[in-house]
Amino acid sequence: LTLLSQQFSQTESWFHRSAGLQSGSAPHSQLFPPAEGVMLPPESFKNRVVFITGGGTGLGRAMATVLSQLGAQCVIASRKLDVLQQTAEDICSRTGNKVHALQCDVRDPQAVSHCVDQMTSLTGLPDVIINNAAGNFICPSERLSPNAWKSITDIVLNGTAFVTLELGKRLIQDQRGASFLAITTIYAESGSGFVAPSASAKAGVEALYKSLAAEWGRYGHRFNIIQPGPIKTKGAFSRLDPTGKFEKGMIDRIPTGRLGTPAELANLAAYLSSDYASWISGAVMRFDGGEYVSMAGEFNDLRRVTPDQWKMMEAMIRSTKGS
Ligand SMILES: CC/C=C\C/C=C\C=C\C(=O)SCCNC(=O)CCNC(=O)[C@H](O)C(C)(C)COP(=O)(O)OP(=O)(O)OC[C@H]1O[C@@H](n2cnc3c(N)ncnc32)[C@H](O)[C@@H]1OP(=O)(O)O
Ligand SMILES: NC(=O)C1=CN([C@@H]2O[C@H](COP(=O)(O)OP(=O)(O)OC[C@H]3O[C@@H](n4cnc5c(N)ncnc54)[C@H](OP(=O)(O)O)[C@@H]3O)[C@@H](O)[C@H]2O)C=CC1
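Residues numbered from 1 in each chain as written. Chains lettered and ligands numbered in written order. Predicted model: local features only at pLDDT ≥ 70, side-chain atom pairs only at ≥ 80, totals over all residues. Heavy atoms only, no water.

Engineer: I'd like a rundown of the packing of aromatic side chains, residues and numbers included.
Structural biologist: All told, the structure shown has 3 aromatic pairs when counted by the stated rule. Here Phe 180 and Phe 223 contribute two aromatic rings whose centre-to-centre distance is 4.5 Å and whose plane-to-plane angle is 10°, an arrangement assigned as stacked. Linking Phe 180 in strand E5 (residues 178–183) with Phe 223 in strand E6 (residues 221–228), this pair joins segments that are 43 residues apart in sequence. Of the two residues examined, Phe 180 and Phe 223, each falls in the buried class. (Phe/Tyr/Trp six-rings, centres within 6.5 Å; stacked < 30°, edge-to-face > 60°. Helix = DSSP H or I, 4+ residues; strand = E, 2+ residues; numbered from the N terminus. Buried < 20%, exposed > 50% of the residue type's maximum accessible area, 1.4 Å probe, protein only.)

Engineer: Describe in detail the packing of helix H2 (residues 58–69) against helix H10 (residues 262–273), supporting the description with residues and values.
Structural biologist: Put simply, H2 and H10 touch, their axes get as near as 8 Å, and they point 55° apart. By the angle class used here, H2 and H10 are oblique. Our pair here, H2 against H10, has a crossing hand that is right-handed. Between H2 and H10, the contacting residues are Leu 59, Ala 62, Met 63, Val 66 and Leu 67 on the first element and Pro 262, Leu 265, Ala 266, Asn 267, Ala 269 and Ala 270 on the second. (Axes fitted to C-alpha atoms, helices over the stretch in contact; angles between N-to-C directions. Parallel < 35°, antiparallel > 145°, perpendicular 65-115°, else oblique. Left-handed = near helix turned anticlockwise from the far one by under 90°. Contact = heavy atoms within 4.5 Å.)

Engineer: Which residues make up the site of ligand 1, and what values go with them?
Structural biologist: Around ligand 1, the structure places 21 residues, and the nearest of them are Arg 79, Arg 107, Ser 145, Asn 147 and Arg 239. Between an oxygen atom of ligand 1 and a side-chain N or O atom of Arg 107, the distance comes to 2.9 Å. One nitrogen or oxygen atom from the main chain of Asn 136 is found 3.0 Å from an oxygen atom belonging to ligand 1. Its residues placed into classes, the shell around ligand 1 shows 11 nonpolar, 7 polar and 3 charged. (Near = heavy atom within 4 Å. Polar contact = N/O pair within 3.5 Å; in protein donor to acceptor, adjacent residues only side chain to side chain. Nonpolar A, V, L, I, M, F, W, Y, C, P; charged D, E, K, R; others polar.)

Engineer: Would you mind going over the pattern of salt bridges in detail, with residue names and values included?
Structural biologist: Inspection of the entire model under this criterion finds 14 salt bridges. The salt bridge involving Asp 275 is made with Arg 48; its shortest N-O contact spans 3.0 Å. With a gap of 227 residues between them, Asp 275 in the loop between H10 and strand E7 (284–287) and Arg 48 in the loop between helix H1 (2–19) and strand E1 (49–53) connect regions that are remote in the sequence. Ionic pairing is found between Arg 258 and Glu 264, a salt bridge with its closest N-O pair at 2.8 Å. Each of the two residues, Arg 258 as well as Glu 264, counts as buried. The network of salt bridges with common partners includes Asp 117, Glu 166 and Arg 170. (Salt bridge = Lys/Arg side-chain N within 4 Å of Asp/Glu carboxyl O.)

Engineer: Describe the site of ligand 2, naming the residues involved and giving the relevant values.
Structural biologist: Of all residues adjacent to ligand 2, which total 26 residues, the nearest are Thr 57, Ser 78, Arg 79, Asn 132 and Thr 233. Between Cys 104 and ligand 2, the recorded distance is 3.5 Å, taken from a backbone N or O atom to a nitrogen atom. Separating a nitrogen atom of ligand 2 from a side-chain N or O atom of Arg 107 is a distance of 3.5 Å. Its free accessible area being 880 Å², ligand 2 has 90% of it covered by the protein chains. Going through the elements one at a time, H2 and helix H8 (234–240) are the ones with two or more residues in the shell around ligand 2. Residue composition of the shell around ligand 2, grouped by class: 11 nonpolar, 10 polar and 5 charged. (Areas by Shrake-Rupley, 256 points an atom, 1.4 Å probe, with all protein chains shown as cover.)

That is the geometry; function is a separate question.
Printed below as a string of structure tokens:
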């Protein structure tokens, strides 16, 4: 027991370090401190197999870490086997639970099928599937080549569809239930300039997951979506904020005054994938510190108005009485 609790506290402190990226936050963000520990009871995922695409880096790695801490046997899959293997070893050495690394380019349906074959012999079919792999970069749409469009939409929309259909069909065949989770983004709903391929593909993923939530409930399958706002990972920020100049603007428009953390996202993903959420299906969970509504409201910039300016404007408005 002592060994186990030592292992857990080591895992926690390692995990906290990897999540500590909060420089530049607004002072009021102290009122919204991220709780970084693992939220669900220990062993919530004991005897469960979890499959995570893009699990070697960033948010995928954070989700694999939390689910492994909660007792899951994780299978992480993406293109770079060396990165996956390093992550698998790191997590496994800290949690004591097996993490398997499988090479898979989700754009290739045959590679996906082969990956699922390999997983089936290693662990059996998964109980939890997290479609997290993605590609993205900022680019004016008039500069996009057909192949640039295809490179993003193939990973995000086709990749998610190939993984979901391959696993879904096999689970249905074996009469096994499962939880499917897709990581999209807040602009899947609104669209966004300069990331049009990503916005279009993520919107497609949401339509797919809502469709299957309705269609495959009868097979014991749940489908949910998390839409994160900005969370500082190397993969995202190196491609979406290459100069580092946009981060302040993001923080300014987030009402909670800070970026999200990988650990917060991982806890939400674990909850939605757990038995505690077995009545949640077809849900779209925005996870963005309030950024989406803050950007959407016509008058939200009035946050900048000072009390003196309000006094003056109130007087002006009141003076219109009867006119
Ligand atoms: C700041 C955060 C705030 C909010 C975040 C909100 C949402 C975040 C969503 C995310 O998805 S973040 C995750 C980002 N992570 C990744 O993108 C990781 C994986 N990415 C990659 O591997 C590459 O970046 C990739 C997507 C370009 C794919 O790599 P691949 O090797 O398959 O592609 P190529 O390098 O061969 O390029 C294909 C095609 O695209 C053109 N291209 C590449 N980069 C650019 C660019 N910066 N601008 C314009 N065009 C680009 C490239 O030229 C190729 O086209 P052509 O063949 O030349 O026509
Ligand atoms: N960080 C953020 O602010 C936000 C992130 N998101 C979403 O969160 C998820 C994770 O992003 P994040 O962790 O930040 O970024 P990362 O770049 O770290 O993660 C993307 C992962 O996708 C994998 N991947 C890319 N292409 C393929 C492919 N063809 N086949 C298999 N795997 C692939 C990459 O691994 P490899 O290179 O080995 O293939 C990588 O592990 C994505 O869905 C992203 O859209 C959404 C909103 C905000």
